[in-house]
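Results of the structural survey
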Amino acid sequence: MASKFVNGILGSSFIFVSFQSFKEMFNLILFGPPGSGKGTQSEKLMEKYGLKHLSTGDLLRSEIANKTVLGLEAKKLMDQGQLVPDEVVIGMIQSALANHPEARGFLFDGFPRTKAQSEALDNLLSKYNAAINVVLALNVSEEELVKRLLNRGLTSGRSDDSKEDVIRARIAEYHNKTAAVADHYRKFDKVVLVHGEGTVDDIFGALSAEIDKRSAA
Ligand code: B4P
């Protein structure tokens with residue numbers, strides 16, 4: 001399955017370019033379980049800080065909308081609440097970084113989601129003399145996550161939001177594979193827990209305060 005995906009991406013959009021170094025970058029990971037508000041807050045943060053927003057969920061949904069081979073294979077996994085293979089999303093992020101040499105920094109939303117993706121991201125950024133500055137982790141209870149995603153499913157048309165068992169499978173996948181991402185960055189003292197329940201504006205205020213502390217330092 002993974003190699004089929006990799007062939008798809010290598011055959012289509014995988015690009016090799018020479019790396020450009022930009023030392024002043026500020027790179028942020030917005031972290032949390034499905035439905036914790038990563039997409040919602042990313043929209044506001046990229047507008048405020050001028051960061052380039054990279055959402056692997058959006059990139060995958062765009063492949064699905066365009067009915068590419070990669071998108072059709074990804075949809076099968078996403079519809080079961082499973083993660084897409086590491087090689088696929090790492091390839092997408094590599095291309096996206098290479099395509100935005102002008103970026104002041106990146107806001108990674110929904111990536112990395114496994115330990116292997118975290119290590120690959122660190123390696124990619126090091127080629128730009130850059131690193132992750134902070135991981136902002138949204139903390140939301142499971143019942144609130146399920147409620148939000150079922151609610152979004154009423155209007156979004158997203159098949160992975162319409163069934164409670166798929167939503168619970170996504171949350172289980174998060175605990176099984178994605179929680180390791182926070183463990184990885186905790187070793188470097190880069191993880192900050194932010195309460196993710198309350199109004200969108202209050203949560204945005206708390207996230208902004210954490211960024212301001214670090215970007216001013
Ligand atoms: P994603 O697209 O990353 O999305 P998500 O986890 O569903 O949601 P997010 O946390 O962004 O929540 P949102 O702001 O929208 O992933 C989808 C799938 O793609 C994954 O399951 C996986 O299969 C695949 N995938 C993606 N990246 C991958 C990777 N790196 N590796 C492998 N597979 C990958 O908020 C949700 C809802 O809550 C919205 O309706 C919003 O309006 C509402 N909401 C937000 N904040 C709120 C608040 N404060 N109060 C009340 N409601 C709120």
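Preceding this paragraph is the structure being described.
Described below are features of the structure shown in this document. Everything numeric here is computed off the predicted structure, so don't read it as measured data.

1. Structural notes on the packing of aromatic side chains
For any pair of aromatic rings, the description rests on two quantities: the centre-to-centre distance and the angle between the ring planes. One pass over the full model with this rule turns up three aromatic pairs. Note on Phe 31 and Tyr 174: the rings are 5.8 Å apart at their centroids and 45 degrees apart in plane angle, and the pair reads as tilted. In this pair, Phe 31 sits in strand S1 (residues 28–31) while Tyr 174 sits in helix H8 (residues 164–186), placing the two residues 143 residues apart along the sequence. Looking at Phe 31, the relative accessible area reads 5%, which means it is buried. Here a set of aromatic residues connected by ring pairs shows up, and it is made of Phe 106, Phe 108 and Phe 111. The ring of Phe 204 carries the charged tip of Lys 44 above its face, separated from the ring centre by 5.0 Å.

2. Overview of the packing of helix H5 (residues 86–98) against helix H6 (residues 115–126)
Following both chains from N to C, one finds H5 and H6 inclined at 20 degrees, their axes separated by 10 Å at the closest point. Compared by their axis directions, H5 and H6 come out roughly parallel. Our pair here, H5 against H6, has a crossing hand that is right-handed. Contact with H5, carried on its side by Asp 86, Val 89, Ile 90, Ile 93, Gln 94 and Leu 97, involves Ala 116, Gln 117, Ala 120, Leu 121, Leu 124 and Leu 125 of H6 and no other residues of that element.

3. So, the nonpolar core
Counting 34 residues, the largest nonpolar core has Leu 97, Phe 108 and Leu 121 as its most contacted members. Elements with a contribution of two residues or more to this core: S1, helix H4 (69–78), H5, strand S3 (106–109), H6, strand S4 (134–139) and H8. Counting residues per element, this core draws most heavily on H5, which supplies eight residues. Setting aside residues no more than four positions away along its own chain, Leu 97 makes contact with Leu 54, Phe 106, Phe 108, Leu 124, Leu 125 and Tyr 128. Of all hydrophobic cores here, the second largest spans 16 residues; its members include Leu 45, Tyr 49, Leu 107 and Leu 207.

4. Side note on helix H2 (residues 38–49)
For H2, with 12 residues, the first-to-last C-alpha span of 16 Å sits near the 16 Å given by 1.5 Å per residue. Within the span of H2, buried status applies to Lys 38, Gln 41, Ser 42, Leu 45 and Tyr 49. Seen along its axis, H2 keeps its buried residues to an arc of 110 degrees; they face one direction. Among the residues trailing H2, Gly 50 stands out with phi positive, at a value near 65 degrees.

5. Re the sheet that holds strand S2 (residues 52–55)
Pairing in this open sheet of five strands is parallel, and the strands run S2-S3-S1-S4-S5 from one edge to the other. Looking along the sheet, the strands with just one partner apiece sit at the ends: S2 and strand S5 (191–195). In this sheet, neighbouring strand axes are inclined to one another by 20 degrees on average, regardless of whether the strands run parallel or antiparallel. One ladder, built from three bridges, connects S1 with S3; its direction is parallel.

6. Focus on the site of the ligand
Every one of the 30 residues lining the ligand counts as a neighbour, but Thr 56, Arg 61, Gln 82, Arg 152 and Arg 170 are closest to it. A distance of 3.3 Å is found between an oxygen atom of the ligand and a backbone nitrogen or oxygen belonging to Gly 35. Between the ligand and the protein, one listed contact pairs an oxygen atom with a backbone N or O atom of Gly 37 at 3.5 Å. Coverage of the ligand by the protein amounts to 86% of the 1000 Å² it exposes when considered alone. Contributing elements (two or more residues each) for the shell around the ligand: H2, helix H3 (56–65), helix H7 (142–156) and helix H9 (200–216). With four residues, H3 is the largest single contributor of residues to the shell around the ligand. Residues of the shell around the ligand, tallied by class, amount to 11 nonpolar, 11 polar and eight charged.

7. Some details on the pairing of S4
For S4, the tally of buried residues reaches five of six residues, placing the bulk of the element in the interior. Two elements, S1 and S4, share four bridges in a ladder whose sense is parallel. What sits directly across from Leu 28, in S4, is Val 134. Two strands pair when backbone bridges link them, and S4 and S5 are joined in this way by five bridges, in the parallel orientation.

Conventions adopted
- Residues numbered from 1 in each chain as written.
- Predicted model: local features only at pLDDT ≥ 70, side-chain atom pairs only at ≥ 80, totals over all residues.
- Heavy atoms only, no water.
- Phe/Tyr/Trp six-rings, centres within 6.5 Å; stacked < 30°, edge-to-face > 60°.
- Helix = DSSP H or I, 4+ residues; strand = E, 2+ residues; numbered from the N terminus.
- Buried < 20%, exposed > 50% of the residue type's maximum accessible area, 1.4 Å probe, protein only.
- Lys NZ or Arg CZ within 6 Å of the ring centre and 35° of its normal.
- Axes fitted to C-alpha atoms, helices over the stretch in contact; angles between N-to-C directions.
- Parallel < 35°, antiparallel > 145°, perpendicular 65-115°, else oblique.
- Left-handed = near helix turned anticlockwise from the far one by under 90°.
- Contact = heavy atoms within 4.5 Å.
- Core = buried A, V, L, I, M, F, W, Y, C linked by side-chain atoms within 4.5 Å.
- Expected span 1.5 Å × (residues − 1).
- Arc of directions from axis to C-beta.
- Pairing = 2+ DSSP bridges.
- Near = heavy atom within 4 Å.
- Polar contact = N/O pair within 3.5 Å; in protein donor to acceptor, adjacent residues only side chain to side chain.
- Areas by Shrake-Rupley, 256 points an atom, 1.4 Å probe, with all protein chains shown as cover.
- Nonpolar A, V, L, I, M, F, W, Y, C, P; charged D, E, K, R; others polar.

Treat this as a map of the structure, not an account of what it does.
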